[in-house]
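Letter by letter, the chains look like this.
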Amino acid sequence: MEIRQQRSAGFVSFCLFFLFVCFTSFALNAAPAADAKKASSETDAAKAELIKQAEALKQDMIELNRELYQFEEDLLHPANTQVALFLAIAPETTFLLDSVELQLDGKLITSYLYKENEIIALRRGGVQRLYLGSLSDGKHKLTAGFNGQGSNARYYRRKKSLTFMKGEDAKFIQLIVTEDPRTREPLFNVKQW
Amino acid sequence: MSNSGDLALMMGLSAKNSAFGAGASDIRCRSGLSAVLLRLFIFLASFFAPATTYAMPDELYQGMVRFNLDSGKHFNALVLMDEGYQQLDPIGYAGALQGFKLTQNVDALLEKSTQQAGDLDEADWFRIGKIYYAQGQCIPALKAFKRLKNKLGLADKQEWAFYRSNCFNKLGSNSRSAQVLSSDILSGLWISHAYYNLAMSYATSSADKTKALVALRVASSLNENESREEKALNDRINYAAGALYLNEKKPDYALEFFKKVHLDSTTAPQALYMNGVAHLEQNDFRAATQSWFSVKKYPLIHSGVAESLLAIPYAYERAGYVSQALEAYVEASTSFEKELETVDKLKVLINKHGIQKVLIDETELEGLEWFLAKDIAKNTRRAAYYSYFAGDDDIYEMIELLLEMRALDEGLAFWSGQLKVFEKALSNKQQSFNRRSKSFDRKTIEREIEGFKKRFASISAKPAYNEKLAAELYFDRVPASLEALQKRFVALEGKIGKGKGRIKSQLKELHALDKKIGAKKKRLAAFIKKLDEGLKVLVLAKLEQLRNHMLANFERSEQGLIHILEGVAESSQRKRNPLDGRYQ
């Protein structure tokens, strides 16, 4: 019986010792873990604050740029002298546009080399403003040169000319790349707005 | 069709009008004066044009926004978007905000859009899914993608499957991910990437690497290995497959994959090192050292290079070439020492000048010429350090933000320059306005126009005049043009009085904008400085980590050296009884 009591006391003291060890090790481990957690949460908070400030700045910059573009457009290209040239690609067009060159009254006004993502954007219904400028009233000639690859892997270099009248209102001209549904030959249409 | 335009045309055509007799030559004589008047008219009229917000047809305006959105020019898209567009296309607006990392309102916008589910088409759901995916929200992304089953074109389907598969990987369901990719029609770079990601997910989540290896094999078979992206992915696939086989104690299989990694890829140093390890597993010391020797041309910052430097003497030692091993250890120690010097130099310079000046700007700093030297080669030390820093997510994010802010700052500098040019032009206009407006004499112009009307009447009364010829030469439009011109000149006279005020208000607006730019530049500069400070802390910590790593390598090399020297010393000593020392 005595031995049993001694054994049970020994077991209890072992349990107490084990609990003490566990607690101590937990407390010792918990302290650096808590520190690390605190440091990590401080870093996260600092990061969140930086991002918040960056977002506020970005928002302001968008608004300011909007004002600046508007001011520039009103000043340099007022509605009565404004001419804007756009480009679109009709959906389902397989023609791979490489580049476009635009001439207005015989002078090169812009040329553009396309990236893959821009072609995808155009095929999804995007419209690219290729040129914004000012023109006097009257008759003008626009010549657009298109370079690219057709569905038959043939390389095309085509020119399209248009004579248009610039009146007292802004003039919007849209160049549309499309293709013949039967022959798959690229076609370049012009729409005046 | 413009009437005043027709008048200008008529002036240009005056030579052709000789068929109509004497009147035409009069017109020709007068055309010089009229052209001057016309230029004056354009100059003055430009001040009175209505200021409109994107006064273009809706179809063009919306298309323009879409073009910028879909081609990833999110800032441009946001600048173009007015409130009307934001309401018309909240998904596009959310996409642009997400793309420009203005994520605060994105969830609310998407939630609002998904509540109107009836109005959304496939393209809308696809866009919603992609935005949620970019936000790291896989569950709502999967919900959005679920609505698109069998409703997408083949090209979009590849992308769709990639996002879904990755989402399932992230959510811990590799089997669902594999199920997504199992369709026969899926192929190409998107799917190859998806299989690679699935393989990595299998490799980390399971002890059995068979599934990972099968996924890598499929990823490789779907990769055409032609474009730069395809080649880069293929290198990663081959490296991963080799590493997995090596881990499975199959060095012969591993070697087949390591061999396929291109020498200019980012994984090349690591692949060459592992290639050597695989040879070592086969007890082919010569081939192993050959492989490790070829890694030495890469910057030491790559872990594969450091490991190779330490592996070479080890292999020599095992092969019994003691003197070569000694030399190799000395070489390794020297290399590590040099790299430690570089790290220390960088730390000092970053502490002194900040991140931007040392790592981003093109400056000449004493002691850093070698680091800042421009080189088109990808394996320069500078490039290696950049990719080392970029490997840390926090540094990467901060650098990205810093560069964004610098781009915005450069944009402001551009506008500041533009405003200076505009200011000069407006000031010149203001000065010349009085002179030009005084030369505007309504009575003279009206007399001119009346004169043209009379001349037109006399020409049209000539027997040679006929409607067909007049139409061909746009001559029939002359009366209407003259009428319109008269009306516009009358209206213009009233507006000229306001012209000066208009220039003044434009100058005022310009100065207000300039002031705003100045204020924003200050805010940006302060924020950039703050970012630089934050980055400095992160980069210095990363460099300290690298320093510790290099120091550990140096110590390993020195220990190896000592070990060999001890062996040499022991072997050169007279043989003694090992028990002698006990009784001394």
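Residues numbered from 1 in each chain as written. Chains lettered and ligands numbered in written order. Predicted model: local features only at pLDDT ≥ 70, side-chain atom pairs only at ≥ 80, totals over all residues.

Draft legend 1. Region of interest: the overall build of chain B. The helix and strand inventory of chain B stands at 26 helices and zero strands. Expressed as a percentage of the 584 residues in chain B, the buried residues total 35%. (Helix = DSSP H or I, 4+ residues; strand = E, 2+ residues; numbered from the N terminus. Buried ≥ 20, exposed ≤ 12 C-beta atoms within 10 Å, placed from the backbone.)

Draft legend 2. Main features of the overall build of chain A. Helix and strand counts for chain A come out as two helices and eight strands. Its helices and strands taken in sequence order, chain A reads α-β-β-β-α-β-β-β-β-β from the N to the C terminus. Scored against the burial criterion, the 193 residues of chain A give a buried share of 24%. Considering only contacts in chain A between residues 6 or more positions apart, those separated by 24 or more positions represent 67%. (Contact = placed C-beta atoms within 7 Å.)

Draft legend 3. Summary view of the environment of B:A141. All names here are of chain B. Mapping A141 onto the fold places it in helix α9 (residues 138-146). Distance in space between the C-alpha atoms of A141 and K130 is 6.8 Å, their sequence separation being eleven residues. In this structure, A141 is in contact with G129, Y132, Y133, Y163 and C167, ignoring residues within four places of it in sequence.

Draft legend 4. Quick peek at the sheet that holds strand β8 (residues 186-192) of chain A. Ordered by their spatial adjacency, four strands build an open sheet running β4-β1-β7-β8 (chain A), and the pairing between neighbours is mixed. Unpaired on one side and paired on the other, β4 (127-134) and β8 of chain A mark the two borders of the sheet. On average, each strand axis in the sheet is inclined to that of its neighbour by 20 degrees, with strand direction left out of account. The pairing of strand β1 (residues 82-89) of chain A with β4(A) spans seven bridges and is antiparallel. Directly across from A:A88, in β4(A), lies its bridge partner A:V127. Lying over the sheet, helix α3 (residues 58-70) of chain B contacts β1, β4 and β7 (171-179) of chain A, oriented at roughly 120 degrees with respect to β4(A). (Pairing = 2+ DSSP bridges. Axes fitted to C-alpha atoms, helices over the stretch in contact; angles between N-to-C directions.)

Draft legend 5. Inspection of unusual backbone geometry at higher detail. Residues and elements named next belong to chain A. Within the chain, E92 stands out as a residue other than glycine whose phi angle is a positive 70 degrees. Structurally, E92 is set in the loop between β1 and β2 (96-104). Classification of E92 by C-beta neighbours within 10 Å gives exposed; the count is 9.

Draft legend 6. Quick peek at the interface of chain B and chain A. Of the residues lining the interface, 45 residues belong to chain B; the matching set on chain A comes to 51 residues. Elements supplying a minimum of two residues to the side of chain B that touches chain A: α1 (3-12), α2 (22-45), α3, α4 (74-80), α23 (393-438) and α26 (478-572) of chain B.

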